[in-house]
Structure formats: structure tokens, C-alpha cells
Amino acid sequence: MPGRSGNGAVTRSTLRQQIADALRDEVLAGRLQPGQEFTVKEIAEQYGVSATPVREALVDLSAQGLLEADQHRGFRVHEYSVEDFRGILEARALVTDGMFQALDNGHLGYRDLDDPRTAAAVAGIRRRADEAQRAAAAGDLTVLIGYDLRFWRELSSMFGNRYLADFLHRLRVQSWVCTVQHLRRLTDLRGCLWHGHTELVDALAGHDTKAARSIVAAYNADSLALIERLATG
């Protein structure tokens, strides 16, 4: 964590975000388990910072649905049910379908995908897609999560609505937290993880939203089936 600067408000805000990001990564890595409890004091001591940015970070993560606040016991990692996962997938599908509909209607808030100025952005998204695909094929969940979140963040940003992009990012973080709580039980994830990122980019670059919808629908169905299977043992 960085030391204090002349601007205490900026430093505290930076600490707040860094702590929130670090704890989110701990949850996604499975090092903070569902139901695990901790206090502001424990986290402050762990990171060697004051209680104020820690409390703010934990409140932020609670608002995002990753933690639960208990007035008397501190905070605990939220435990997602299969029904929660089903609801998240439904919400995700509605957001992505809205993106595809915007492409169908020619109402991209950013720029048309055929515009040469978007070439660098599309190339970057495709690189994320390739990296995510390789990580999925290798069964490397931690690497996959990082590239997958960046992939969807950059892809949704192409549509020019930051509220939509932020909402989808939050849903994807929540779905990964839920998924991790189940996938960490498996010792070999090769062949279990979705790896259609590049296929989806190619479909959208070709304005083939029918294919894109089919890819996402199959992805959601496979993900739900896997979680249901793991949840029932």
C-alpha cells in the first residue's frame, strides 16, 4: 500500500479501492471462503492501514453483493445459492441481449464496428479473448477470471454506455464469485470452462448477432448445468 501523500482524501480513496480490489481477488481466488467472517480491525492490521478506508472498502463490497455486513460481528463472505446464480445469469442475458439489439439497430453509442478507428479496440478485445481461451483450455481458473473480466468490460465499453458496462461488470464479478465457490472443489478444470470468447468476438465483428446470441445462450446453459451438477455433489 502506498504511503500518505499531501492529499489525504485522494490517498484514502486510493487505499479504499486497492483494499476493495485485493479482497475481491481473495474471494475470487477462493482464499476467502463463503461464510468466512472478519472484522474491520483484522483487515486493517493485515494491510497495515487505518480502519477508515478498510471500512469504506468493505461497505463497497457489501453493496456489490460480495460481502454481508453484520452490525455485531463485522463482515462475512456472501454465499451464493444455485438460485442466485440462475438469477445472475438471467440478468446477464438481458444486458448482453440489449447490447446485441443496439448492434442490430445500428445504435452503437461508441462507434460502428466497421469504423477503422475501432480497429485497435477490437484487436485488444480479441487478444483478451485469445488469452481467456488459452487459460480455459489449460484449466487455469485464476488467469481465466482476470482475462474474462477484462474481455467483457472492454467489449461492453464498445457500446458507449458506461452504466451498462459497469452493471455487466458487477454481474460478471458476482457470477464468478458464485462459480468459484463450486469450481474450487475440482482438482482438474480442463474441459470444464467456457472458451468461446474468440468465437463471440468474430460473430459480433461480423454483425452476426444471431450467432452471438446462440453462443451466449449455450454458454449460460452450460454454466448453469455445471453449477447445478456440482451443487448436488
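As the structure is a prediction and not an experimental result, all values here were calculated from the model.

What counts, and at which threshold
Residues numbered from 1 in each chain as written. Predicted model: local features only at pLDDT ≥ 70, side-chain atom pairs only at ≥ 80, totals over all residues. Heavy atoms only, no water. Pairing = 2+ DSSP bridges. Helix = DSSP H or I, 4+ residues; strand = E, 2+ residues; numbered from the N terminus. Phe/Tyr/Trp six-rings, centres within 6.5 Å; stacked < 30°, edge-to-face > 60°. Buried < 20%, exposed > 50% of the residue type's maximum accessible area, 1.4 Å probe, protein only. Salt bridge = Lys/Arg side-chain N within 4 Å of Asp/Glu carboxyl O. Polar contact = N/O pair within 3.5 Å; in protein donor to acceptor, adjacent residues only side chain to side chain. 1 Å grid on protein atoms, 1.4 Å probe; cavity = no way out; pocket = protein on both sides within 12 Å on 5 of 7 lines; lining within 4 Å. Points joined across faces, edges and corners; volume = space filled by probe spheres on them. Nonpolar A, V, L, I, M, F, W, Y, C, P; charged D, E, K, R; others polar.

Chemist: Honestly, the sheet that holds strand E3 (residues 74–77) in this entry has me stumped. Any pointers?
Modeler: Within a sheet, each strand pairs with its neighbour through backbone hydrogen bonds, oriented either parallel or antiparallel. Strand order in the open sheet made by the three strands is E1-E3-E2, with antiparallel pairing throughout. One side of each edge strand has no neighbouring strand; the edge strands of this open sheet are strand E1 (37–38) and strand E2 (67–70).

Chemist: Could you clarify how one ought to interpret the pairing of E3 in this entry?
Modeler: Consecutive side chains along a regular strand alternate between the two faces of the sheet. Looking at chain direction, E1 and E3 are connected through two bridges and run antiparallel. Within E3, the position partnered with Glu37 by the bridge is Arg76. Across four bridges, the pairing between E2 and E3 is antiparallel. In the strand pairing of E3, Leu67 is matched with Val77.

Chemist: Where do I start with the packing of aromatic side chains in this structure?
Modeler: The description of an aromatic ring pair uses the distance of the two centres, along with the angle that the planes make with each other. Under the counting rule described, the total for this entry stands at two aromatic pairs. Measuring from ring centre to ring centre gives 5.4 Å for Phe151 and Trp152, while their planes differ by 85°; the resulting arrangement is edge-to-face. Since its relative accessible area comes to 0%, Phe151 is described here as buried.

Chemist: I keep staring at the pattern of salt bridges and nothing clicks. Help me out?
Modeler: Pairing between side chains becomes possible if they bear opposite charge and their charged atoms approach one another. Scanning the entire structure with this criterion turns up 17 salt bridges. For the salt bridge of Arg86 with Glu228, the shortest nitrogen-to-oxygen distance reads 2.6 Å. A residue pair is termed long-range when its members are at least 10 positions apart, and Arg86 in helix H4 (residues 82–105) and Glu228 in helix H9 (residues 209–231) qualify at 142 residues. Residue Arg86 is classed as partly exposed on the basis of its relative accessible area of 30%. Judged by its relative accessible area of 32%, Glu228 is partly exposed. With a shortest N-O distance of 3.1 Å, Arg213 and Asp104 are connected by a salt bridge. Placement of the pair is Arg213 in helix H9 and Asp104 in helix H4, with a sequence separation of 109 residues. Arg213 gets classed as partly exposed once you look at its relative accessible area, which sits at 24%.

Chemist: When you look at the side chain of Asn220 in this model, what are you seeing that I'm missing?
Modeler: Relative to the helices and strands, Asn220 resides in helix H9. A residue is classified by how much of its surface remains accessible, and Asn220, at 10% relative accessible area, is buried. Only 2.9 Å separates the side chain of Asn220 from the side chain of Arg92, close enough to count as a polar contact.

Chemist: For this particular structure, what's the right way to read empty space enclosed by the protein?
Modeler: Empty space left among the atoms is revealed by rolling a probe the size of a water molecule over them. One pass over the structure, following the stated rule, counts two cavities of 30 Å³ or more. Here the second largest cavity is characterised by a volume of approximately 50 Å³. Around the second largest cavity sit Arg92, Ala93, Thr96, Trp152, Leu168, Arg172, Val216, Tyr219 and Asn220, which together line it. Put simply, the parts of the chain that give the lining of the second largest cavity at least two residues each are H4, helix H7 (162–183) and H9. Grouping the constituent residues of the lining of the second largest cavity by class yields five nonpolar, two polar and two charged.

The analysis is restricted to geometry; functional conclusions fall outside its scope.
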